[in-house]
Amino acid sequence: MIIVGVYFILYQSIMENNIPCRAKVLVVGGGGREHAIVDALSRSSRVEKIYCAPGNAGIARQAKCVPLEDTQIDELADFAGQEGIDLTVVGPEISLAAGIVDEFESRGLKIFGPSKAAARIESSKDYAKSLMAKYNVPTAAYRTFSDYGEALAYVNAGKLPVVLKYDGLAAGKGVVVAETLEQADEALKDMLLDDKFGHGRVVVEEFLTGPEFSLLCFVNGSEVEPMVLAQDHKRAFDGDEGPNTGGMGAYTPLPFITEKDEVYALEHVMKPIASGMVSEGIPFKGVLYGGLMKTPDGIKVIEFNCRFGDPETEVVLPRLESDIFEIFWNVANDIPMPVTKWSSDAVMGFVMASKGYPGSYKKGYEITGMDEVLNDPSVRVYHMGTSLKKLGEGHEAFDKAGHSLVTNGGRVLMVLASAPDLKSAHDKALSAVERIGCENLFHRTDIGHWAL
Ligand code: AMP
Ligand code: GLY
């Protein structure tokens, strides 16, 4: 009997690529994207325990939060080693660009995400552009400058508007679309003379027009498995007005992107970049995010990111019907990925942000009504910037210890709903947003206007 049992376990592990059945997973990050990843992992039959570092108040309902920041790479690796974590999944680009994957792998720890070298596809605009040029991937015409005078002369001789991109991570603030020469000059001064973000190089790029969309793919070397398409809304206010933010809402699917467009984007953008990176000796493993635009001249790349998009992930992952742990595990172990299955649902999400965001804002305002909106199983709330606080008598408790939920960031909550069509998803999510109480939050009401 024992021998049969041992053989059975052996057989199972060989057949299933040693994939654990009761895995302990660590998710690095603490925003809405990581909440969506934790939620997707919690649906896996193979995952027994989820940790999240640092996590947030919402994530704490589904995972054990670990008080480590996404930049504490050595401490995160120590924790994964000591705790016997089977697999770590990384959300933020900052951890990837700092080499978290290289550090974990050097210690023999399994991790899902690209190496520091592969993460340059996001952390260096110039590297991404040169890869696209080399592998014939359609994108805006460009030139890279480190000299302010030369950059200005080039801009003066060219057309307006013009797009200026700082060549490095700049927390979403490194891109300026200049409508006038004065604006371009000011941005070039910031990026090259004052060097606001670090060392100075700038990509000067042709301005393109058309609807933007995001194609996220699981990538394992030259293998590319697409997720469903989504669109983000970057501006703060309705009508796409106001300053650029980290994203005020997202939805999927996108009726204005045809199946032919999708195939084109996969075959002419995502796959050539993935196999190009293999040829360069820098295989990409993780999620490759294509920020694409459907221009009058066809689909072109606006940017690549080396990770799950935020807030796209929050609407995309609820449609994933496959086991996400299996995908992460296979990529981390160099095993071919399973083909993914997706539901036909529409999912739409609205971000509730602190008044003043993306500028300065205050934190610590009480949020109420959360459990009431979650009574509807088609509504989800992913926490982007929340924490817990003892407010005492007369306040709504969010955790078992009686703490209340309070705002703790610029973007605070992403409230989303699934429905058979986008209009119903829109109405249902918006009605949930309106039932959440907080005196210091604002939201857009026109998420999905491109599609509705
Ligand atoms: P990125 O950080 O590269 O995504 O750029 C931020 C935003 O700037 C994009 O989402 C676009 O809306 C806009 N943008 C970037 N590059 C271009 C371009 N070549 N033409 C028009 N808009 C652009
Ligand atoms: N949604 C844009 C990003 O994740 O960078």
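Here, the structure is the one placed above.
Everything in this summary refers to the structure shown in the same document.

## A short note on the environment of Y251
Here Y251 is to be found in strand β15 (residues 249–252). Along the sequence, Y251 and A417 sit 166 residues apart, while their C-alpha atoms lie 9.7 Å from each other. Only 2.6 Å separates the side chain of Y251 from the side chain of Q231, close enough to count as a polar contact.

## With respect to the sheet that holds strand β22 (residues 404–407)
The strands that make up a sheet are held in pairs by hydrogen bonds between backbone atoms, and each pair lies either parallel or antiparallel. The three strands lie next to each other as β19-β22-β21, forming an open sheet whose pairing is antiparallel. Each edge of the sheet is formed by a strand with only one pairing partner; in this case those strands are β19 (366–367) and β21 (386–389). Two elements, β21 and β22, share four bridges in a ladder whose sense is antiparallel. Residue pairing in the sheet places T386 in a bridge with T407 of β22.

## Describing the site of ligand 1
Contacts to ligand 1 come from 13 residues, most closely from E205, E206, L208, E212 and E303. Between a nitrogen atom of ligand 1 and a side-chain N or O atom of E205, the distance comes to 2.7 Å. In terms of residue class, the shell around ligand 1 is made up of six nonpolar, no polar and seven charged.

## Observations concerning the side chain of N305
By the secondary structure assignment, N305 is in strand β17 (residues 298–305). Residue class for N305 comes out buried when judged on its relative accessible area of 4%. With residues near it in sequence (within four places) discarded, N305 still touches E122, V287, L288 and Y289.

## Regarding the nonpolar core
Within the largest apolar cluster, 77 residues are counted, with the highest numbers of intra-cluster contacts made by I100, I121, M270, I273, F304 and L413. Per element, the largest residue contribution to this core is seven residues, and it comes from helix α10 (residues 259–279). Dropping the residues within four chain positions of it, I273 is found in contact with I121, L131, M132, V137, L288 and F304. The next biggest cluster of nonpolar side chains, apart from the first, holds 50 residues, and it includes I19, V38, V287 and M414.

## Examining the site of ligand 2
Every residue lining ligand 2 is accounted for by D232, Y289, N305, R307, G309, D310, P311 and E312. Separating an oxygen atom of ligand 2 from a side-chain N or O atom of N305 is a distance of 3.2 Å. Between ligand 2 and D310, the relevant distance is 2.9 Å, taken from an oxygen atom to a main-chain nitrogen or oxygen of the residue. In the complex, 89% of the free accessible area of ligand 2, which totals 200 Å², lies under the protein chains. When its residues are assigned to classes, the shell around ligand 2 shows two nonpolar, two polar and four charged.

Reading guide: rules and limits
- Residues numbered from 1 in each chain as written.
- Chains lettered and ligands numbered in written order.
- Predicted model: local features only at pLDDT ≥ 70, side-chain atom pairs only at ≥ 80, totals over all residues.
- Heavy atoms only, no water.
- Helix = DSSP H or I, 4+ residues; strand = E, 2+ residues; numbered from the N terminus.
- Polar contact = N/O pair within 3.5 Å; in protein donor to acceptor, adjacent residues only side chain to side chain.
- Pairing = 2+ DSSP bridges.
- Near = heavy atom within 4 Å.
- Nonpolar A, V, L, I, M, F, W, Y, C, P; charged D, E, K, R; others polar.
- Buried < 20%, exposed > 50% of the residue type's maximum accessible area, 1.4 Å probe, protein only.
- Contact = heavy atoms within 4.5 Å.
- Core = buried A, V, L, I, M, F, W, Y, C linked by side-chain atoms within 4.5 Å.
- Areas by Shrake-Rupley, 256 points an atom, 1.4 Å probe, with all protein chains shown as cover.

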